Amino acid sequence: MNQTLTNNKSIYLETFGCQMNVLDTQLVKGQLQSLGYAFTDSWQSADVIIYNTCSVREHAENKVWSRVGEIGIHKKQNPHVILGIIGCMAERDGKDMIRKHPQIDLLCGPGELDKVPMLIDNRLKTDLEERGGVRNADIALQGNTHRRTATLSAAQDTLEMLDLSRAFDPDTHEGSAYVRITRGCNKFCTYCVVPNTRGGEVHRHPDHIVEECKKLVEQGVKEITLLGQTVNHYHYDTNATITIEGVHQPQIGQILSPNRGTGGPSPVFSDGVVSFADLLARIHDEIPNLQRLRFITSLPRDFGNDILQVIKDRPRICRYLHLPVQSGSNRILKLMNRGYTVEEFKDLIDRVREYLPDAELATDIIVGFPTETEEDQQQTAELLRYCKFKNSFIFKYSPRPGTVAIDRFEDDISNDTKKRRNNELLNIQSEISKEIHEAYVGKTIPVFVEAISRKTIKARENAADPAVTIGWEKPQEITQLTGRTDGDLIVVFDGDASLIGITVDITIDQASPLTLFGSQAAAVNASSNNA
Ligand code: SAM
Ligand code: SF4
């Protein structure tokens, strides 16, 4: 790539959606920075504006549509500006998006993100005049055939190179980092757009994952979160590794459930197969300086005791599981194609409580799935009371184009009913969360410090604006920090910003349903934690 063309161009890159998108943004950004692009926080002054998008719910897409409209107006005065849509919306809507919004100059799906620099470069090299005034966009999409996954054994998976060429820059993290272990998904839950937008499930070679974690820790990262749509299905057969130009290629995920219903390790695992439990153990044991290892998200189907045992035996793997249940009704779970029953889910919760009594759990729930009755809703409420999650992410069903559910089922639950059911479950969850959080009052617990709290940031912004009256006496001198416990509970406390990225002991003196409030325990505890 010709670097002289790309220098002096500034990029504004905004991310919508899940942690997977946050990581994608970091990787794309690293790639572009290494090519000389500068990044700006102001879209008004940027030469290139990129939105990394999410399609999971309509609401997430609407936010991007409103940005696209805004940029359309901006481009009338600034025709040189390039607008790029990357991620799931680009893949889902494809070329239609450009027909409807000709201000978009480039589109790139999540399976093609290694091509973003090429697309931008192409666009910069051949501006509108050279294109004869025709606004044809630069496009890299997988299409419905999921080319990459179909040809993994025949062609190099260049997306793997995006992860492998990750920029290891201590300034780009604050002690924690995401590492991808699987991409895509092939579970085809009927409501979900992810298998269409991110393609089929592929697993990265364990050596690549361990190596990436090692490098991050060498650069000062203390906490790593492994990412995948169904991390517990991680499965890599090292006897069947294909290596192209020194790069171990990812492997296609299994269609069969590895250990359905047994709670035990997979019967299909043979020597040379690395399971999720093996991978966790390797990362923990081979990287002693890694303070915390987390993972999201697990599919409640096929969560074996082998994984629970590995966590139990290894103190630096966090006692936190995100287990999205989606519904407490077997009838709805079946319509959703989740592949487990409420009884199997409860069995998993019981096993977690047996192996890891101090673990905190969280879940995702969809209310108002087609045909959901009040009885189904009551069953979900009962399940919430049984499981005692520390928090639940509750979503109103949103019909998504390209999914089985939108074709097969009418969206027959009114928005008002969805809202009411959402609030009912939130109220129950709030009581449970309060109880869980209050149980920590009086305890001293290790907290990994992540950032300055939003309250402090806001207070400082307001202090800089003389027109705003502020509640705090000396906002500049008080720094409220936020961090997380091993079980992923949010903790806020006053402290010095230099604590960000390290673990300190905090004594909890107050609790709300979502947050613990505390103060720093004796400094000697803090330093022993980070020795
Ligand atoms: N892979 C994870 C799993 O299997 O649970 C979840 C990934 S999904 C991107 C994140 C959450 O979004 C889901 O757990 C689900 O609750 C929610 N979600 C997905 N599709 C949705 C839809 N069409 N309407 C409402 N919520 C949805
Ligand atoms: Fe979507 Fe289901 Fe895959 Fe999760 S497991 S990403 S909900 S299809």
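Residues numbered from 1 in each chain as written. Chains lettered and ligands numbered in written order. Predicted model: local features only at pLDDT ≥ 70, side-chain atom pairs only at ≥ 80, totals over all residues. Heavy atoms only, no water.

Colleague: Can you explain the overall build of the chain? Please cite residues and give values.
Modeller: A tally of regular secondary structure across the chain gives 19 helices and 24 strands. Across the chain, contacts joining residues at least 24 apart in sequence account for 75% of those joining residues at least 6 apart. Within the structure as shown, the chain displays about 23000 Å² of accessible surface, and the carbon and sulfur contribution to it stands at 50%. (Helix = DSSP H or I, 4+ residues; strand = E, 2+ residues; numbered from the N terminus. Contact = heavy atoms within 4.5 Å. Areas by Shrake-Rupley, 256 points an atom, 1.4 Å probe, with all protein chains shown as cover.)

Colleague: Can you lay out the packing of helix H11 (residues 276-286) against helix H12 (residues 305-313) for me, pointing to particular residues and giving the numbers?
Modeller: Two quantities define a packed helix pair, namely the angle between the helix axes and the distance between the axes. Direction vectors running N to C along H11 and H12 enclose 15°, while the axes themselves pass 8 Å from each other. Accordingly, the angle class assigned to the pair H11 and H12 is roughly parallel. For the element pair H11 and H12, the recorded crossing hand is left-handed. For the pair H11 and H12, contact is made by Phe276, Ala277, Leu280 and Ala281 and by Asp306, Ile307, Val310 and Ile311, respectively. In terms of residue class, the contact of H11 with H12 is built from seven nonpolar, no polar and one charged. (Axes fitted to C-alpha atoms, helices over the stretch in contact; angles between N-to-C directions. Parallel < 35°, antiparallel > 145°, perpendicular 65-115°, else oblique. Left-handed = near helix turned anticlockwise from the far one by under 90°. Nonpolar A, V, L, I, M, F, W, Y, C, P; charged D, E, K, R; others polar.)

Colleague: Describe the layout of surface pockets, naming the residues involved and giving the relevant values.
Modeller: Think of a ball as big as a water molecule: rolled over the atoms, this probe shows where empty space is left. Of the voids in this model, the second largest pocket is the one considered here, and its volume is about 350 Å³. Taken together, 18 residues line the second largest pocket, and the ones lying closest to its centre are Asp358, Ala359, Glu360, Tyr440 and Leu489. Those elements that provide at least two residues to the lining of the second largest pocket are helix H17 (415-438) and strand E20 (444-452). (1 Å grid on protein atoms, 1.4 Å probe; cavity = no way out; pocket = protein on both sides within 12 Å on 5 of 7 lines; lining within 4 Å. Points joined across faces, edges and corners; volume = space filled by probe spheres on them.)

Colleague: Describe the sheet that holds strand E19 (residues 391-396), and please don't skip the residues or the numbers.
Modeller: Strand order in the open sheet formed by three strands is E17-E18-E19, with parallel pairing between adjacent strands. The two strands at the open ends of the sheet, each matched to only one other strand, are strand E17 (320-322) and E19. Taking the axes of each pair of neighbouring strands and ignoring which way they run, one obtains an average angle of 10° across the sheet. Taken together, the six bridges between strand E18 (residues 360-367) and E19 define a ladder with parallel strand orientation. Within E19, the position partnered with Ile365 by the bridge is Ile394. The sheet contacts of H17 involve E18 and E19, and relative to E19 the element is tilted by about 175°. (Pairing = 2+ DSSP bridges.)

Colleague: Let's hear about the sheet that holds strand E23 (residues 503-511): which residues, and what values?
Modeller: With respect to topology, five strands assemble into a closed barrel ordered E20-E21-E22-E24-E23, the strand pairing being mixed. Geometrically, the sheet is characterised by an average inter-axis angle of 50° between neighbouring strands, direction not taken into account.

Colleague: Help me get a handle on the pattern of salt bridges, residues and values and all.
Modeller: Considering all chains together, one arrives at 38 salt bridges under this definition. A salt bridge links Arg99 to Asp96; its shortest N-O distance comes to 2.8 Å. Of this pair, Arg99 and Asp96 are both found in helix H5 (residues 95-100), three residues apart, which corresponds to roughly one turn of the helix. In this structure, Arg314 engages Asp285 in a salt bridge whose closest nitrogen and oxygen atoms are separated by 3.0 Å. Residue Arg314 is found in the loop between H12 and E17, and its partner Asp285 is found in helix H11; the two are separated by 29 residues along the sequence. (Salt bridge = Lys/Arg side-chain N within 4 Å of Asp/Glu carboxyl O.)

Colleague: Describe the environment of Gly111, and please don't skip the residues or the numbers.
Modeller: Residue position: Gly111 is located in the loop between strand E5 (106-108) and helix H6 (116-125). Along the chain, Gly111 and Gly87 lie 24 residues apart, while their C-alpha atoms are 8.1 Å from each other.

Colleague: Lay out the nonpolar core with the relevant residues and their values.
Modeller: Side chains of nonpolar character tend, in soluble globular proteins, to be buried together. Formed by 70 residues in total, the largest nonpolar core has its most connected members in Ile224, Leu226, Leu280, Ile283 and Phe295. Grouped together as the second largest cluster of nonpolar side chains are 26 residues, Leu13, Val28, Tyr37 and Val48 included. (Core = buried A, V, L, I, M, F, W, Y, C linked by side-chain atoms within 4.5 Å. Buried < 20%, exposed > 50% of the residue type's maximum accessible area, 1.4 Å probe, protein only.)

Colleague: Provide a residue-level description of H11, including the pertinent values.
Modeller: Residues three or four positions apart in an α-helix share a direction because the helix packs 3.6 residues into each turn. Among all positions of H11, only Phe276, Ala277, Leu279, Leu280, Ala281, Ile283 and His284 are buried. Each element contacted by the buried residues of H11 is listed here: helix H10 (206-218), strand E10 (223-227), strand E15 (273-275), strand E16 (292-296) and H12. The backbone nitrogen of Ala277 has a side-chain oxygen 3.3 Å away, supplied by the residue at the start of H11, namely Ser275. (Polar contact = N/O pair within 3.5 Å; in protein donor to acceptor, adjacent residues only side chain to side chain.)

Colleague: Give a detailed account of the packing of aromatic side chains, specifying residues and quantitative values.
Modeller: Geometrically, a pair of aromatic rings is defined through the distance of the ring centres and the angle of the planes. Counted under the stated rule, the structure contains seven aromatic pairs. With a centroid separation of 6.1 Å and an interplanar angle of 70°, the aromatic rings of Phe16 and Tyr51 are classed as edge-to-face. In this pair, Phe16 sits in the loop between strand E1 (10-15) and helix H2 (19-34) while Tyr51 sits in strand E3 (residues 48-53), placing the two residues 35 residues apart along the sequence. There is no split in this pair, since Phe16 and Tyr51 are both buried. Measuring from centroid to centroid gives 5.2 Å for Phe369 and Tyr397, while their planes differ by 65°, and the two rings are edge-to-face. Of this pair, Phe369 sits in the loop between E18 and helix H15 (374-387) while Tyr397 sits in the loop between E19 and helix H16 (404-408), and the two are 28 residues apart along the sequence. Neither residue differs from the other here; Phe369 and Tyr397 are each classed as buried. (Phe/Tyr/Trp six-rings, centres within 6.5 Å; stacked < 30°, edge-to-face > 60°.)

Colleague: I'd like to hear about the site of ligand 2, residue by residue, with values.
Modeller: Close to ligand 2 lie Cys185, Lys187, Phe188, Cys189, Tyr191, Cys192, Val194, Pro195, Gln229, Thr230 and Arg338. Here the shell around ligand 2 is composed, by residue class, of seven nonpolar, two polar and two charged. (Near = heavy atom within 4 Å.)

Colleague: Provide a residue-level description of the side chain of Ser398, including the pertinent values.
Modeller: Here Ser398 is to be found in the loop between E19 and H16. Within the structure, the side chain of Ser398 is placed 3.0 Å from the backbone nitrogen of Glu58, a separation counted as a polar contact. If we ignore the near neighbours within four places in the chain, the residues touching Ser398 are Arg57 and Glu58.

Colleague: Summarise the site of ligand 1; cite the residues concerned and give the values.
Modeller: By nearness alone, 17 residues border ligand 1, and Arg57, Gln229, Gln326, Asp364 and Ser398 come closest of all. Between ligand 1 and Arg57 there is a distance of 3.0 Å, counted from an oxygen atom to a side-chain nitrogen or oxygen. Within the side chain of Gln326, one N or O atom sits 2.7 Å away from an oxygen atom of ligand 1. Contact with the protein chains covers 91% of the free accessible surface of ligand 1, which is 560 Å². Looking at the shell around ligand 1 residue by residue, the classes come out as eight nonpolar, four polar and five charged.

Colleague: Break down the environment of His284 for me, citing the residues and quoting the values.
Modeller: Assignment of secondary structure puts His284 in helix H11. Sequence separation between His284 and Arg316 is 32 residues, and the spatial gap between their C-alpha atoms is 7.0 Å. Here His284 is in contact with Leu293, Arg314, Pro315, Arg316 and Ile317, once residues within four sequence places are set aside.

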